[in-house]
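The chain contents come next:
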2 protein chains.
Amino acid sequence: MKKDHPVSVPLRQVTVTDSFWGGYMELARTSIIPYQWEALNDRIPDAEPSHCIHNFRVAAGEEEGSFEGCVFQDSDLAKWLEGAAYSLSTHPDEKLEKEVDSVIELIEKAQQPDGYLDTYYILNGLDQRWSNIRDHHEMYCAGHMLEAAVAYYQATGKDRLLQVMIRVVEHIASVFGPEEGKKKAYPGHEELELALVRLYGITHDPAHLALAKFFIDERGQYPLYFEEEAKRLGPSYWDNGPLKWMYYQAGKPVREQKDAEGHAVRAMYLYSGMASVARESGDETLADACRTLWESVTRRRMYITGAVGSSEYGEAFTYDYDLPNDTVYGETCAAIGLAMFARRMLELEPKGEYADVMEKALYNGVISGLSLSGDRFFYVNPLEVVPEACEKDYLRRHVKPKRQKWFGCACCPPNLARVTASIGWYLYTQREDTLFVNLYAASECHVALGGVPVTVTMKGNYPWGGEISLCVSCETAAQGTIALRIPGWCRNWKLTRSGKPAEFTMQNGYAYLSGTWNDGDTLELSLDMPVERMEANPLVREDMGKQAVMRGPLVYCLEEIDNGACLHEILLPKEAKFTTHREDALLGGVVVIESDGLRLQDNGNSLYRFASEKQWKPVSLHWVPYYAWNNRGVGEMTVWVRSE
Amino acid sequence: MKKDHPVSVPLRQVTVTDSFWGGYMELARTSIIPYQWEALNDRIPDAEPSHCIHNFRVAAGEEEGSFEGCVFQDSDLAKWLEGAAYSLSTHPDEKLEKEVDSVIELIEKAQQPDGYLDTYYILNGLDQRWSNIRDHHEMYCAGHMLEAAVAYYQATGKDRLLQVMIRVVEHIASVFGPEEGKKKAYPGHEELELALVRLYGITHDPAHLALAKFFIDERGQYPLYFEEEAKRLGPSYWDNGPLKWMYYQAGKPVREQKDAEGHAVRAMYLYSGMASVARESGDETLADACRTLWESVTRRRMYITGAVGSSEYGEAFTYDYDLPNDTVYGETCAAIGLAMFARRMLELEPKGEYADVMEKALYNGVISGLSLSGDRFFYVNPLEVVPEACEKDYLRRHVKPKRQKWFGCACCPPNLARVTASIGWYLYTQREDTLFVNLYAASECHVALGGVPVTVTMKGNYPWGGEISLCVSCETAAQGTIALRIPGWCRNWKLTRSGKPAEFTMQNGYAYLSGTWNDGDTLELSLDMPVERMEANPLVREDMGKQAVMRGPLVYCLEEIDNGACLHEILLPKEAKFTTHREDALLGGVVVIESDGLRLQDNGNSLYRFASEKQWKPVSLHWVPYYAWNNRGVGEMTVWVRSE
């Protein structure tokens, strides 16, 4: 690793005590992970079966049967294992660890003598493996299982799965690579690249980093591997539409890709891998490519909730400022991928905008995918829903008006498990003796500053309030810098150090406080958190004449249950007054916003008529956090509201 | 026919001299019909081939080859023949008549000994005919050819094609019907029903009306024919979505259908057939069903342009007030079908609203499908176009930003030929001694009032001006009533009779003037035709906060070429002043509207920002008639404009 890059403070050095994220971690432990274990074992009534454990059992010779489910079904188990590993790293649990160990034993049994491991081809014929790199997800599954192996090793010190996966990697390296006779291919669905860099973080084996770099450098090089493969497989499904090879981010070399294109989850995982490789290899051209793509995503192709991928067609990016709220895709996995990409950009260089977007995604477009009960899931995260349209408009058939028990293609639920269980990983980065605080969440962080072990204890009621305190504990005085991110959503803030106005320097969205830290030193950051009316760039046609309401990092929305149907007939008046209050009994405890509003009065029946002065009735609008929508039954919802 | 229904004054009794519609008739004669003859013969360079004449040649044994094109390809020739017949009825043309006669000879040669006539099965195996009523369009093609036969007989008195088609009808009646052993089926794509009533209008053979009534009464009766057929054919493509059997308007008996559902062209043709059968049979329950469906279409499911069918999926209706302007389908054929349905409702009962909708469709959503040059066509008629979105947004891939030369499925171009060539048919209806003037277009109409031959000469500059005069010529005084439609778009109007304030009674949107008509009597109708700002019912979400501009029957639009790009950033101010002026050199000669407008000034780059007061720059807006859009290159267009 190049010395001048920050690195995330590892999960096991961060104890999250936060009421908000702590709640999600607890939900992961007590609900999401156990529920999904049942799902992976096909034991959820009236839900689409997973077949995941079944496939491994058959592959391991423990059961008769054939492969069932999607070609990438193995990855659901991998992501669940990763989530379970994170949970175990912060909350030991004998029963869960036993389940995990038994699954790992199963996985080991399914592995082939040459290291190959993918139940689809183990059960359908190994002679066909690696014959459809474009669509058959073998490296994607390997990537996820590798992440799980790294996570479980870091959580428990047990390396059985890690050894399995190192053998898988060695097998893959024997098939793919720059050397004569090896395939010059790269994953059809990216994921292995970033996983290999995580493995390299443990092994420091240059071959592991080199393989990741090979995949990234080779991608999009002509003659295009996928084009050659297509001569055998036939054209890609995407050939007939506007995406073509860019569905796979494979139409040109990654350093020539200026816009975020194609399947959004693939893109996020690729960019995360690119940022990881850039950091570890010091490749500035690759880092620049990441910066370019970051800007494309976050400045022109991202929803205000951090959702990305605006089109159901290809679950993909479309073009600049094309951000429809109702036909949106906004896959939960893509928002998770954006948070992962952001964290890796923070590991390239400490810029507040990366953390701003990471925060935006995590608090909004990621956890909107999860019910408050932890056992219902959105794949698609709309910003505007009319249930009748979801039912009757074929263009919105992908938009479900309520969270589902499970999916035939169930990538999102276990992704939510692993992200909620590892939230501590997103809070802090460190570069030499500087500790960056990227997200605010009550926690304890154990690091060394100037060689002295230090515990930073963060307290506060974020995201509901902006008062944050950090207290330093150390046995001897420590030399170093604490850099606090000043969120982009905050207009006014104050910072004191042990009760006195703090001395700091601002750089790229961080307030840097340096010097000597003594035991008991405190920082108090006070972020003003008023209700803010937001607007989109006017090039976003769908948001024209509308505003969204935010408070702190949270995007709010109107739901039918609070505000009646026909939310499009509501107008937010220019001089609307906003008030906030805490409702402990509502939606797991939230700050609710009330505001003035106007509702159109119209008793006309005619479809078209001479325009006339509109009558508006004053109403009180009731706003709730977007992430918590659809936890009280099916109804309309909107984030963007017409405004004067 | 029951005596108390009006009947359309036949085409050959109406001479259109109108500059507007006369221009279209001339365009049909000199451009549309000759161009399409070339297209049907596959002689248009760089256009999708029709194969239509080719298929008939092969079926007639004049050429070697196989069937090419869509299963309903025969209907393109039929519609072209019908259009040519209308043109010949108002403008004799030896060369065209010879072409038509030679094609009729070809058709006759292709007909099978038992009367069967459909080149798809003649060339692919007659043993399979009538085996897929649901999807294979044999009766649809027969219906169109039957309409052509009737039209050509009425135009020229030649009955060769009529005799061919009577044999086809006899064959069909031997296969389908209520009698033991016959199939209890009905057309998968409706059309034959209305054609059979047209045939009955010539033959007065009760069997022809009875067959039409059978098809209508049998439709949707359980056990459902299509469901039984599906046991052999497999499920319908539409089974997987929200349409199912209602794609074919076949999910329930027609008298139980309360909403316009399914494929819009099918629906329009069915409803037209229902209205025709109701009129001829005096079936009031069927007439009521027509009224119910009329209200569903025109009061809840129609665009302001008369376009219908809001979804590309199934080219279909969706649900009440779901009228997106950008992802719309609005097939040209469906708007034509709506005009046909409206004319048949006028033949059931004289109500101004039927003529209002007929006029709306003809002046807007029908002829928008045709370039001013007569040789380029829209299949889909959007009310809002952003060319970049058409190219890059898969949801709008069906929306073409420019008219096309031809289509693989080319139903719309010949439909435009037949409607523009027969416009005189839409102007007048007569019920006993009452002549109804439904549309205003300079013309001469020859009828008998009280037994006295009368010529009514209509003059005016409609739709550009609202001054209309009607002059009666007769050798002896005639007793009768002239009923003038007062358009729904008109708020103020004056009516004089030979220079004096006219005595009239108003009923259902018509001003009835009765008494004695002497040679030289005149009526002067003066319809105020200011620019009107229109709004949609607020339940139309997509039009909320927007207005459309109309003048007389014409819907106007903004085009990029006149108003710049980013039309969504334009605001129509509350107090906007409108002026109009004639531009002879523009778009074939139109009245242009100029108005005040405001354009958003925004130099911000950020995707999301704190809402702030908007800066608006006064601009002059340039409105052109919607039907004439996209005749000056590719660019943005919108009908609905944001308004204060």
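The structure under discussion appears in the preceding block.
Report follows, based on the coordinates.

Cut-offs applied
Residues numbered from 1 in each chain as written. Chains lettered and ligands numbered in written order. Predicted model: local features only at pLDDT ≥ 70, side-chain atom pairs only at ≥ 80, totals over all residues. Heavy atoms only, no water. Helix = DSSP H or I, 4+ residues; strand = E, 2+ residues; numbered from the N terminus. Buried < 20%, exposed > 50% of the residue type's maximum accessible area, 1.4 Å probe, protein only. Contact = heavy atoms within 4.5 Å. Areas by Shrake-Rupley, 256 points an atom, 1.4 Å probe, with all protein chains shown as cover. Lys, Arg positive; Asp, Glu negative; His and termini not counted. Charge placed at Lys NZ, Arg CZ, Asp CG, Glu CD. Pairing = 2+ DSSP bridges. Buried area = accessible area lost by both parts, 1.4 Å probe. Salt bridge = Lys/Arg side-chain N within 4 Å of Asp/Glu carboxyl O. Polar contact = N/O pair within 3.5 Å; in protein donor to acceptor, adjacent residues only side chain to side chain. Disulfide = S-S within 2.5 Å. Axes fitted to C-alpha atoms, helices over the stretch in contact; angles between N-to-C directions. Left-handed = near helix turned anticlockwise from the far one by under 90°. Nonpolar A, V, L, I, M, F, W, Y, C, P; charged D, E, K, R; others polar. Least-squares fit on C-alpha atoms with pLDDT ≥ 70 in both. Expected span 1.5 Å × (residues − 1). Parallel < 35°, antiparallel > 145°, perpendicular 65-115°, else oblique. Phe/Tyr/Trp six-rings, centres within 6.5 Å; stacked < 30°, edge-to-face > 60°. Lys NZ or Arg CZ within 6 Å of the ring centre and 35° of its normal.

A separate point is the overall build of chain A. From N to C terminus, chain A includes 17 helices and 26 strands. Along the three orthogonal principal directions, the C-alpha set of chain A runs to about 75 × 70 × 50 Å. In chain A, which comprises 644 residues, the proportion classed as buried is 65%. A separation threshold of at least 6 residues defines the contact pool for chain A, and within that pool the share at least 24 residues apart is 70%. Entry remark: accessible area of chain A is about 21900 Å², with carbon and sulfur atoms responsible for 48%. Across chain A, 66 positive and 92 negative side-chain charges occur, with their mean positions spaced 2 Å apart.

Moving on, we get to the sheet that holds strand 11 (residues 493-497) of chain A. All names here are of chain A. Within the open sheet, the seven strands sit side by side as 2-6-7-8-16-11-12. Their pairing is antiparallel. Each edge of the sheet is formed by a strand with only one pairing partner; in this case those strands are strand 2 (14-16) and strand 12 (500-501). Relative to strand 16 (residues 522-527), strand 8 (residues 467-474) is paired through five bridges, and the arrangement is antiparallel. Bridge pairing in strand 16 links Ile-468 to Leu-525.

With that settled, the discussion passes to the side chain of A:Arg198. All names here are of chain A. Within the fold, Arg-198 resides in helix 8 (residues 192-203). Residue Arg-198 is classed as buried on the basis of its relative accessible area of 10%. With residues up to four places along the chain from it excluded, the contact list for Arg-198 reads Glu-82, Tyr-86, Glu-147, Val-150, Ala-151, Gln-154, Arg-344 and Trp-425.

We now examine the interface of chain B and chain A. In this assembly, 63 residues from chain B lie in contact with 63 residues from chain A. Interface of chain B and chain A: buried area, both sides summed, is about 5300 Å²; carbon and sulfur atoms make up 60% of it. It is B:Arg541, B:Tyr608 and B:Phe610 in chain B that bury the most area against chain A; as a group they hold 16% of the surface buried on that side. On inspection of chain B and its partner chain A, the count reaches eight salt bridges. A salt bridge links B:Glu636 to A:Arg541, with the nearest nitrogen and oxygen atoms 2.8 Å apart. The tally of links between chain B and chain A comes to 26 residue pairs in polar contact (both at pLDDT 80 or more). Elements represented by at least two residues in the side of chain B that touches chain A include exactly helix 12 (284-300), helix 15 (387-392), strand 15 (531-536) and strand 21 (608-610) of chain B. Both strand 17 (residues 531-536) of chain A and strand 21 of chain B contribute to a ladder of three bridges, which runs antiparallel. Residue pairing for strand 21 of chain B: A:Met534 is matched across the bridge by B:Phe610.

Our focus in this paragraph is the state of the cysteines. This structure, assessed with the given rule, holds zero disulfides over all chains. A:Cys557 takes part in no disulfide bond, and the closest cysteine sulfur to it belongs to A:Cys390, at a distance of 14 Å. With a relative accessible area of 0%, A:Cys557 lands in the buried category. Here B:Cys52 is not cross-linked by a disulfide; its sulfur's nearest cysteine counterpart is in B:Cys141, at 8.5 Å.

This next bit is on the environment of B:Ala142. All names here are of chain B. Structurally, the position occupied by Ala-142 is in helix 6 (residues 138-156). Residue Ala-142 is classed as buried on the basis of its relative accessible area, which comes to 5%. In sequence terms Ala-142 and Glu-191 are 49 residues apart; their C-alpha atoms lie 8.4 Å from each other. With near-sequence residues (within four places) excluded, Ala-142 lies in contact with Met-165, Val-168, Ile-172 and Leu-192.

Time to look at the sheet that holds strand 8 (residues 467-474) of chain B. Residue and element names in this part refer to chain B. Taken in spatial order, the seven strands make up an open sheet running 2-6-7-8-14-10-11, and their pairing is antiparallel. At either end of the open sheet lies a strand with only one pairing partner, and these are strand 2 (14-16) and strand 11 (500-501). Examined bridge by bridge, strand 10 (residues 493-497) and strand 14 (residues 522-527) share five bridges and lie antiparallel to one another. Across the sheet, Thr-496 pairs through a bridge with Glu-524, a residue of strand 14.

On to the environment of B:Leu370, then. Tracing the sequence through the fold places B:Leu370 in the loop between helix 14 (352-366) and strand 3 (384-385). On a C-alpha basis, the gap between B:Leu370 and B:Asn631 in space is 9.6 Å, while along the polypeptide they are 261 residues apart.

This brings us to the pattern of salt bridges. Residues and elements named next belong to chain B. This structure, assessed with the given rule, holds 98 salt bridges over all chains. Measuring nitrogen to oxygen at the nearest pair gives 2.7 Å for the salt bridge that ties Arg-418 to Glu-82. Placement of Arg-418 in helix 16 (residues 412-421) and of Glu-82 in helix 3 (residues 74-90) is noted, with a sequence separation of 336 residues between them. Among the salt bridges present, the one from Arg-167 reaches Glu-108, with a minimum N-O distance of 3.9 Å. Here Arg-167 is found in helix 7 (residues 160-175), whereas its partner Glu-108 is found in helix 4 (residues 94-110), with 59 residues between them in sequence. Take Arg-167: its relative accessible area is 35%, and that puts it in the partly exposed class.

Residues and elements named next belong to chain B. With respect to the helices, strands and loops of the structure, Asp-18 is situated in the loop between strand 2 and helix 1 (19-40). Side-chain polar atoms of Asp-18 contact the backbone nitrogen of Trp-21, separated by 2.9 Å. Beyond its immediate stretch of four places on either side in the chain, Asp-18 contacts Gly-23, Ala-441, Ala-442 and Tyr-462.

All names here are of chain A. Where helix 6 (residues 138-156) contacts helix 7 (residues 160-175), the two axes come as close as 8 Å, and the packing angle between them is 145°. For the element pair helix 6 and helix 7, the recorded crossing hand is left-handed. Side by side, helix 6 and helix 7 meet where Met-139, Ala-142, Met-145, Leu-146, Ala-148, Ala-149, Val-150 and Tyr-153 of the first sit next to Leu-161, Leu-162, Met-165, Val-168, Val-169 and Ile-172 of the second. Per-class residue counts for the contact of helix 6 with helix 7 are 14 nonpolar, no polar and no charged.

Right, let's talk about the relation of the copies chain B and chain A for a bit. For these two chains of identical sequence, chain B goes onto chain A by a turn of 180° and a shift of 0.1 Å along the axis, with RMSD 0.0 Å. What the superposition gives is, in effect, a two-fold axis relating one chain to the other. Of every C-alpha in chain B, the one belonging to B:Leu395 sits nearest the axis of rotation, 3.6 Å from it. Here 100% of the interface residues in chain B have copies in chain A that are interface residues too; the copies meet face to matching face.

Moving on: helix 9 (residues 206-218) of chain A. Residues and elements named next belong to chain A. In a regular helix each residue adds 1.5 Å, so 13 residues correspond to 18 Å; helix 9 covers 18 Å between its end C-alpha atoms and thus fits that length. Those residues of helix 9 not exposed but buried are His-208, Leu-209, Leu-211, Ala-212, Phe-214, Phe-215, Ile-216 and Glu-218. Elements in contact with the buried residues of helix 9: helix 6, helix 7, helix 8, helix 11 (264-281) and helix 12 (284-300). Looking one or two residues past helix 9, Gly-220 carries a phi angle of roughly 80°, positive in sign.

With that settled, the discussion passes to the packing of helix 1 of chain B against helix 3 of chain B. Residues and elements named next belong to chain B. Contact geometry for helix 1 and helix 3: axes closest at 10 Å, N-to-C directions at 150°. Judged by the inter-axis angle, helix 1 sits roughly antiparallel to helix 3. Every pair of crossing elements has a handedness; the one defined by helix 1 and helix 3 is left-handed. For the pair formed by helix 1 and helix 3, the contact residues are Met-25, Arg-29, Ile-33, Gln-36, Trp-37 and Leu-40 on the first element and Asp-76, Leu-77, Trp-80, Gly-83, Ala-84, Ser-87 and Thr-90 on the second. The residue makeup of the contact of helix 1 with helix 3, split by class, is seven nonpolar, four polar and two charged.

This part takes up the packing of aromatic side chains. Each aromatic ring pair is characterised by the separation of its centres together with the angle its planes make. Within this structure, the stated rule accounts for 80 aromatic pairs over all chains. Relative to A:Tyr363, the ring of A:Phe20 has its centre 5.2 Å away and its plane inclined at 40°; by these criteria the two rings are tilted. Of this pair, A:Phe20 sits in helix 1 (residues 19-40) while A:Tyr363 sits in helix 14 (residues 352-366), and the two are 343 residues apart along the sequence. By the burial criterion, A:Phe20 is buried, and A:Tyr363 matches it. Aromatic rings pair up to connect A:Phe20, A:Trp21, A:Tyr24, A:Tyr363, A:Tyr440, A:Tyr462, A:Trp464, A:Trp489 and A:Tyr627 into one cluster. One residue, B:Arg397, lies across the ring of B:Tyr394, its end atom 3.8 Å from the ring centre.

Right, let's get into the pairing of strand 6 (residues 443-449) of chain A. Residues and elements named next belong to chain A. The side-chain alternation of strand 6 yields one buried face, formed by Ser-443, Cys-445, Val-447 and Leu-449, and one unburied face, formed by Glu-444, His-446 and Ala-448. In the sheet, strand 2 pairs with strand 6 via three bridges, with the strands oriented antiparallel. Paired with Val-14 across the strands is Cys-445, a residue of strand 6. Where strand 6 and strand 7 (residues 452-460) come together, seven bridges link them in antiparallel fashion. Paired with Ala-448 across the bridge in strand 7 is Pro-453. Between strand 6 and strand 7, which pair antiparallel and follow one another directly, the connecting turn spans two residues, one of which, Gly-450, has a positive phi of 60°.

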